[in-house]
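Reading the structure
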Amino acid sequence: MNWEQLLSLKRFGDTNKRIRKEQDETRLGFEVDYDRIIFSSEFRSLQDKTQVIPLSKTDFVHTRLTHSLEVSVVGRSLGRKVGQRLIEKYPHLQKIHGYQANDFGAIVAAAALAHDIGNPPFGHSGEKAIGEFFKNGIGKHYKADLTASEYQDLCDFEGNANGFKIVTESRVGRQGGLRLSYATLGAFMKYPKASLPKKPTPHIADKKYGFFQSDKDAFLDVANDLGLARRGHGEFSFSRHPLAYLVEAADDICYTIIDFEDGINLGLIEEEFALEYLSRIIRDTIKPENYYALSHKKDRIGYLRALAIGSLIHECVDLFMAYEERILKGAFDCALLDKSKYDAQIRDIIKISVEKIYQSREVVEKEIAGYQVLSSLLEVFITALNNAHEDRASNYDNLILSLLPDHYKKMNATLYERLLSVCSYVSIMSDSYAILLFNKIRGIDLG
């Protein structure tokens, strides 16, 4: 892989190559990507989607939206710092092609902003709830009528693949989805492979999958334009775009440090743990007198969090450059933070977050409710859509279908496309709307 090709400004539908030197510096193509994501309705729904604590009534716990914004900010810093180092290493990128260090920051910031855009309500349990519906629930009987890959898409419903669908899928008036640059799409695709074979190797790119069978043509178009290296694990398996490692690092840094901060502010984790665990990461930058001068717990934790994020950003930049040539060859097989000198501290923080936050009674109870909500919505909408396809829809089915936006009413599509369409519709719902619709359909809330 080479940087000239990886930094493609191409968008869906382009017939001519976009040249970096011809770009409007006041509205760079990569920056347009950020604007298109942030103004999309799918991104707005993240304001009411779970990050750590589902349906929290407090005013400081992160949602998917605030998490995504923070990941984007960290990603921009990572991208700019790496871009500066890459321009120094490959001066022709700037002298001949016109690329700037900030271009890398803009690409990573946009991809990071969109990294959770395809996640269903109720956090990661939402993905599992959709998958369970087809693996062990009512949806299991569709298996015989689907290909192995189609069924796997549904059984392991993946927010990353759904995100790729959202940003690339054409519909009336929106050809090519959000029409993001291919460089940003490449950085977005952390798992550039199909759902099968499942985890063929321990390589980080094989951990999950990045596109549904319905979107494989769009995926191949992007992968081929960027020159992503093919890997020998199925027809649709490629090496990551190098900047995807920075998007992943930004996400890893934020959920490790900021989820930990949320847990402390909620009282689920004692403040003493913050100083104990984070001080090992920030021992070279912390000024104890500044920490103890802060009278409020939130301010003290915020100070530690800011220093920790800064330390991890600098380390990830150094790690990326140390392994950059291996990354370009597709030979770097783990996340950047897996190589961190703070790996033990990060694992300790994640372990205590799992015990104290992710497995807390409040979280578990709401995740259980989320399973019920999503499985019920899937059953009602899939039944109505399939009955309409077979021309035997009841009056109740027609009423249900009236709630389904036109884009998702694929009555004449294949079974797989109909099932996936309903899954995609349910996945863009906010937590609160999913519960509201669930209650209305069941006749619990008629207000």
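The present account deals with the structure reproduced in this document. (Residues numbered from 1 in each chain as written. Predicted model: local features only at pLDDT ≥ 70, side-chain atom pairs only at ≥ 80, totals over all residues. Heavy atoms only, no water.)

1. Overview of the packing of aromatic side chains
In total, this model carries 15 aromatic pairs according to the counting rule given. Residues tryptophan 3 and phenylalanine 104 carry aromatic rings whose centres are separated by 5.7 Å and whose planes lie at 70 degrees to one another, so their mutual orientation is edge-to-face. With tryptophan 3 in helix H1 (residues 3–6) and phenylalanine 104 in helix H6 (residues 101–113), this pair connects stretches of sequence that are 101 residues apart. Assigned by exposure class, tryptophan 3 and phenylalanine 104 land together as buried. Ring centres of phenylalanine 133 and phenylalanine 134 lie 5.0 Å apart, and the angle between their planes is 85 degrees; this geometry places the pair in the edge-to-face category. Cluster of aromatic residues (ring-pair linked, three or more members): Phe164, Phe211, Phe219, Phe236 and Phe238. Directly above the aromatic system of tyrosine 245 lies the positively charged group of arginine 240, at a separation of 4.8 Å from the ring centroid. (Phe/Tyr/Trp six-rings, centres within 6.5 Å; stacked < 30°, edge-to-face > 60°. Helix = DSSP H or I, 4+ residues; strand = E, 2+ residues; numbered from the N terminus. Buried < 20%, exposed > 50% of the residue type's maximum accessible area, 1.4 Å probe, protein only. Lys NZ or Arg CZ within 6 Å of the ring centre and 35° of its normal.)

2. Notes on the packing of helix H12 (residues 244–265) against helix H15 (residues 297–328)
Interaxial distance between H12 and H15 falls to 10 Å at its minimum, and their mutual angle equals 160 degrees. Relative to H15, the element H12 lies roughly antiparallel. Handedness of the H12/H15 crossing: right-handed. Residues Tyr245, Leu246, Ala249, Ile253, Ile257, Ile258, Glu261, Ile264 and Asn265 of H12 touch H15, and the partners they reach there are Lys297, Lys298, Ile301, Gly302, Arg305, Ala308, Ile309, Leu312, Ile313, Cys316, Phe320 and Ile327. Tallied by class, residues from the contact of H12 with H15 come to 15 nonpolar, 2 polar and 4 charged. (Axes fitted to C-alpha atoms, helices over the stretch in contact; angles between N-to-C directions. Parallel < 35°, antiparallel > 145°, perpendicular 65-115°, else oblique. Left-handed = near helix turned anticlockwise from the far one by under 90°. Contact = heavy atoms within 4.5 Å. Nonpolar A, V, L, I, M, F, W, Y, C, P; charged D, E, K, R; others polar.)

3. A word on helix H19 (residues 415–427)
Here H19 is 13 residues long and its end C-alpha atoms lie 18 Å apart, about the 18 Å a rise of 1.5 Å per residue gives. Inspection of H19 places Leu415, Tyr416, Arg418, Leu419, Leu420, Ser421, Val422, Cys423, Ser424, Tyr425, Val426 and Ser427 among the buried residues, and these make up the whole buried set. Among the structural elements, helix H7 (124–135), helix H8 (148–155), helix H9 (159–168), helix H17 (361–389) and helix H20 (431–441) are those in contact with the buried residues of H19. (Expected span 1.5 Å × (residues − 1).)

4. Topic: unusual backbone geometry
Cis geometry marks the peptide bond from leucine 196 to proline 197, where omega comes out at 0 degrees. Note that proline 197 resides in the loop between helix H10 (182–188) and helix H11 (216–226). Of note, the phi angle at lysine 199 is positive, near 45 degrees, even though the residue is not glycine. Tracing the backbone shows lysine 199 in the loop between H10 and H11. Judged by its relative accessible area of 52%, lysine 199 is exposed.

5. What to know about the environment of serine 41
Structurally, serine 41 is set in helix H3 (residues 41–44). Along the backbone, serine 41 and leucine 220 are 179 residues apart, and their C-alpha atoms lie at a distance of 26 Å. Here glutamate 42 takes part through its side chain, which lies 3.5 Å from a polar atom of the side chain of serine 41. (Polar contact = N/O pair within 3.5 Å; in protein donor to acceptor, adjacent residues only side chain to side chain.)

6. Remarks on the packing of helix H4 (residues 64–89) against H12
Direction vectors running N to C along H4 and H12 enclose 130 degrees, while the axes themselves pass 8 Å from each other. Relative to H12, H4 is oriented oblique. Seen along the crossing, H4 lies across H12 with a hand that is right-handed. Every residue of H12 that contacts H4 at His67, Glu70, Val71, Val74, Gly75, Leu78, Gly79 and Val82 is listed here: Leu246, Val247, Ala249, Ala250, Asp251, Ile253, Cys254, Tyr255 and Ile258. Here the contact of H4 with H12 is composed, by residue class, of 12 nonpolar, 3 polar and 2 charged.

7. Regarding the nonpolar core
Counting 97 residues, the largest nonpolar core has Trp3, Ile37, Leu78, Phe260, Phe320 and Leu336 as its most contacted members. The leading source of residues in this core is H15, at 15 residues. Setting aside anything within four residues of it in sequence, one finds leucine 336 in contact with Tyr245, Leu246, Glu248, Ala249, Cys316, Leu319 and Phe320. The next biggest cluster of nonpolar side chains, apart from the first, holds 39 residues, and it includes Ala129, Leu404, Tyr408 and Phe438. (Core = buried A, V, L, I, M, F, W, Y, C linked by side-chain atoms within 4.5 Å.)

8. A short note on the layout of surface pockets
Considering only enclosed or pocket space, the second largest pocket measures out at about 270 Å³ in volume. Contributing to the lining of the second largest pocket are 17 residues, with Glu4, Lys17, Arg18, Ile19 and Tyr99 lying nearest its centre. Residue classes in the lining of the second largest pocket are distributed as 4 nonpolar, 5 polar and 8 charged. (1 Å grid on protein atoms, 1.4 Å probe; cavity = no way out; pocket = protein on both sides within 12 Å on 5 of 7 lines; lining within 4 Å. Points joined across faces, edges and corners; volume = space filled by probe spheres on them.)

9. Comments concerning empty space enclosed by the protein
As enumerated under the stated definition, the model contains 1 cavity of 30 Å³ or more in all. Considering the residues around the largest cavity, the lining is formed by 13 residues, among which Lys165, Glu169, His407, Tyr408 and Ser424 are closest to the centre. Counting only elements with at least two residues in the lining of the largest cavity, the list comes to H9 and H19. Considering every element that reaches the lining of the largest cavity, the biggest residue donor is H9, with 3 residues.

10. Considering the state of the cysteines
The final tally for this structure, using the stated rule, is 0 disulfides. Cysteine 423 supplies the cysteine sulfur nearest to cysteine 155, a cysteine that is in no disulfide, at a spacing of 10 Å. The exposure class of cysteine 155 is buried, given its relative accessible area of 8%. (Disulfide = S-S within 2.5 Å.)

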